[in-house]
Structure formats: C-alpha cells, structure tokens
Amino acid sequence: MHKILIALAAATCFCATAAAAEYRSHTIKFAVTTPKGTPPVQGMELFAEKVAERSGGKIKVRLFPNGVLGGDAQVLSSLQGGVVEMMMWSAGNLVTQVPDFGLLDLPFLYTDPQKVDVLLDGEVGDRLIAQLPQRQLVGLAFWELGMRHLTNNVRPVGSPEDASGIKIRLQESPVSVDTWRALGANPTPLPFTEVHTALETGTVDGQENPATVILSAKFNEVQKYLSLTRHSYNAHMVLVGKPFWDRLNTDEQQLLKDVAMEIRLEQRRLSRENDAKVIAELEQAGMQVNHLDEEALSRFREQLRPVILEHANKINPELTQKAFEIVGFDAQD
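Heads up: these notes are all about the structure in this document. (Residues numbered from 1 in each chain as written. Predicted model: local features only at pLDDT ≥ 70, side-chain atom pairs only at ≥ 80, totals over all residues. Heavy atoms only, no water.)

1. Digging into unusual backbone geometry
Backbone geometry places K218, a non-glycine residue, at a positive phi of 60°. When you line up the elements, K218 lands in the loop between α8 (211-216) and β8 (225-241). Of note in the backbone geometry, R230 takes a positive phi value of approximately 45° without being a glycine. Residue position: R230 is located in strand β8. (Helix = DSSP H or I, 4+ residues; strand = E, 2+ residues; numbered from the N terminus.)

Spelled out as structure tokens, the structure:
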C-alpha cells in the first residue's frame, strides 16, 4: 500500500509539473543519415514519442532517417542556418566544428562500453558539449551507433598487414583517414548515402561501420568479408540548431534536454544487445566473419600509437589526459 501511495504521489507530481510547464506548438524535423532499424533511429522514435506525450501533443517530432534530407554536412549546415531543427551525427565528425571532438575518434581505445559511458556522461562529455553553442549548435546527449567493424571484398583483415592496399570508404574524419593510411590502406571519404553504390560498382573495396548499419544498409549484399576490428566506438550526438533552440522557452528547452538524456541509457542498451545478434545474422546471410582477439587488437593499437599521439596533441591536453586515464591508455609507454 505504501508503494502504491508513493507511485500515486510521483504521478501527481509529474502531472502538476507538466501542467505548470509552458509548451507551445512546434514541429521539429529530426534527421539522420542511417537507415530505419538502426540504434540511432530507434532512439529517435523513443524521443519523438516521449516529447509528444510530455508536451501534451504540442511538440511534434518528425523523423527523417536514411539521409532523406541530405548528407551529414548538408544537414548540419541546415541546422546552423535554422532550416532543420535537430539531427543525429557521429560525435567524432564534430571535429570539423570543435577540434576537441577528435578525442572521440582516436582508434582502438574505446573497446570497453562501461568506460565509454563514464567518459561521455562525465566531465569530458560535458566539456565537449559546452563548446558547441559557439558553432550555432546545442548538444543534448551522447547516444551511440556502436562499435565500428571493417568489411571488404579483398581479404579477411586480422592483422595490420592485412589492411594494406584495400580501398576503404570512411567518414570525413582526419583521424579515420590517418588511421587507415597508417595501416597501408587507401582511405576514401564518401557521404554515407553513396556507399552502397560505391561498393557495388567497385569504386571502393570496403567500408567500416557498426554491424547494425552493415545489415540495415544491405552492405552484406555487396561485401564478402566482415572483420570484427572494433577499431572505433561510434558515439552519436543529439544536436539542436541554435537558431531554433533560441526560439524555445525555458520549459521547452528543458523538456528536449531531459528526454534526450533519459533515453540515452535505453538507446545504448538497445545498441549493445543488437550487436551480437546482428553479427550472427550477417554470418548466416553469407558473410565470412573473422573475430579478432585482444592480442590482435593490441597489435593494431601499437602500430597506430603515433597516430593516436599525433591527434591527441591537437586536443586540449587536460581532456586528453582524463580520457586516457578512464580507458587505461598510457601515453608514455
């Protein structure tokens, strides 16, 4: 009976708070380049549902997955210009706006999800987000796309030497380009919306993405080998354009921020639970999957140490040191 009374009191409190909040009518365009069924879009669906519910239907969130509003760079520009209200973007790519975001793209460091959560939800994540308004952006929360793996049509990649000569499509990230170049590959940045065609025509030999993206984008239909390199943890940033944000009142801003933060844990859980399941599906669909043990990953990490340190030196040293401490990377070895 006591628990029931507590629950009723909590519900009453929530209703009173919601009733007291001032929400006006808004329709928010929320874009992402990844397809429906991927973890970012699953999080966006939860976000739209909760915002509509808590605003009494006044704030509607319309979802635009699969790059229907354009490529990432195009949508980001629309966000900064006030044409699109929200987008989900790979957090490491924000290095083009705030150099310190390059910290999240350093290769073969973020292999432990629990340590990643500590990094993103603590001081390091807060200080990264605090730099976005100067670029006409507001960061609400870190979600995730998952661990990135390599696919290609040349050979399985189980060692640094195996990557040599493979033409790999990458995100437009300096760290990613330098990473694969250091491994002897031929890095080729392309918008996500062009990847399937580039693989199908042989313009590139391979690409790197989380397993859920590989399956949902049907890359398995045009790729033979899947190597579980886990070379990069792909944090995603929930972004609001500052021109739109500044038109919201305090209650509306708080609602969007609260819902994005609440969903982050559920969104990450869905992402991580799906990973192993999707890898098994890709194998059943005909991809040749090779698993890399910790010894193999250590060889990649050691070969890429110069790349890690070179890019770390371009980032706020205090942030870098905190991140290295969290993930257990000794820059002095």
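Now that the structure has been shown, the text picks up again.
2. What about the packing of aromatic side chains?
How two aromatic rings sit relative to each other is set out by the distance from centre to centre and by the angle between their planes. Within the structure shown, the criterion is met by five aromatic pairs. A ring pair is formed by F47 and W143, whose centres lie 6.4 Å apart and whose planes are at 65°; its orientation type is edge-to-face. Here the residue F47 occupies a position in helix α2 (residues 39-54), and W143 occupies one in strand β4 (residues 137-152), the gap between them amounting to 96 residues. On the basis of relative accessible area, W143 is assigned to the buried category, the value being 0%. Aromatic ring contacts, followed pair by pair, group F30, F47 and W143 into a single cluster. (Phe/Tyr/Trp six-rings, centres within 6.5 Å; stacked < 30°, edge-to-face > 60°. Buried < 20%, exposed > 50% of the residue type's maximum accessible area, 1.4 Å probe, protein only.)

3. Regarding the layout of surface pockets
Here the largest pocket is characterised by a volume of approximately 380 Å³. What lines the largest pocket is a set of 26 residues, among which D72, W89, N93, R169 and Q171 lie closest to the centre. Looking at the lining of the largest pocket, the elements that each hand over two or more residues are α3 (72-81), β3 (86-90), β4 and β8. Per-element accounting of the lining of the largest pocket gives the leading share, four residues, to α3. Class assignment for the residues of the lining of the largest pocket results in nine nonpolar, 13 polar and four charged. (1 Å grid on protein atoms, 1.4 Å probe; cavity = no way out; pocket = protein on both sides within 12 Å on 5 of 7 lines; lining within 4 Å. Points joined across faces, edges and corners; volume = space filled by probe spheres on them. Nonpolar A, V, L, I, M, F, W, Y, C, P; charged D, E, K, R; others polar.)

4. As for empty space enclosed by the protein
Inspection of every chain in the model, using the stated rule, returns three cavities of 30 Å³ or more. When its volume is computed, the largest cavity comes out at roughly 80 Å³. When contributions to the lining of the largest cavity are tallied by element, the ones reaching two or more residues are α6 (174-182) and β8. Ranked by residues supplied to the lining of the largest cavity, first place goes to α6 with four residues. Its residues placed into classes, the lining of the largest cavity shows three nonpolar, five polar and three charged. Empty space within the second largest cavity amounts to approximately 40 Å³. The wall of the second largest cavity is formed by L104, Y110, V116, L119, L120, Y233 and A235.

5. Let's talk about the pairing of β8
Within β8, 16 of the 17 residues are buried, which leaves the element mostly enclosed by the surrounding structure. Two elements, β3 and β8, share five bridges in a ladder whose sense is antiparallel. Pairing of M88 across the sheet is with V238, part of β8. Sheet topology places β4 next to β8; 13 bridges connect them, and they run antiparallel. (Pairing = 2+ DSSP bridges.)

6. Here we look at helix α12 (residues 305-312)
Residues of α12 that are buried: R305, V307, I308, H311 and A312. In a view along the axis of α12, the buried residues occupy a sector of 165°, so they form one face of it. Where α12 is buried, its residues meet α6, α11 (294-303) and α13 (317-327). (Arc of directions from axis to C-beta. Contact = heavy atoms within 4.5 Å.)

7. So, the packing of helix α4 (residues 113-121) against α13
Remark: α4 packs on α13, axes separated minimally by 9 Å, with the N-to-C direction vectors making an angle of 155°. By the angle between their directions, the pair α4 and α13 is classed as roughly antiparallel. Seen along the crossing, α4 lies across α13 with a hand that is right-handed. Between α4 and α13, the contacting residues are K115, V118 and L119 on the first element and A323, I326 and V327 on the second. In the contact of α4 with α13, the residues fall into five nonpolar, no polar and one charged. (Axes fitted to C-alpha atoms, helices over the stretch in contact; angles between N-to-C directions. Parallel < 35°, antiparallel > 145°, perpendicular 65-115°, else oblique. Left-handed = near helix turned anticlockwise from the far one by under 90°.)

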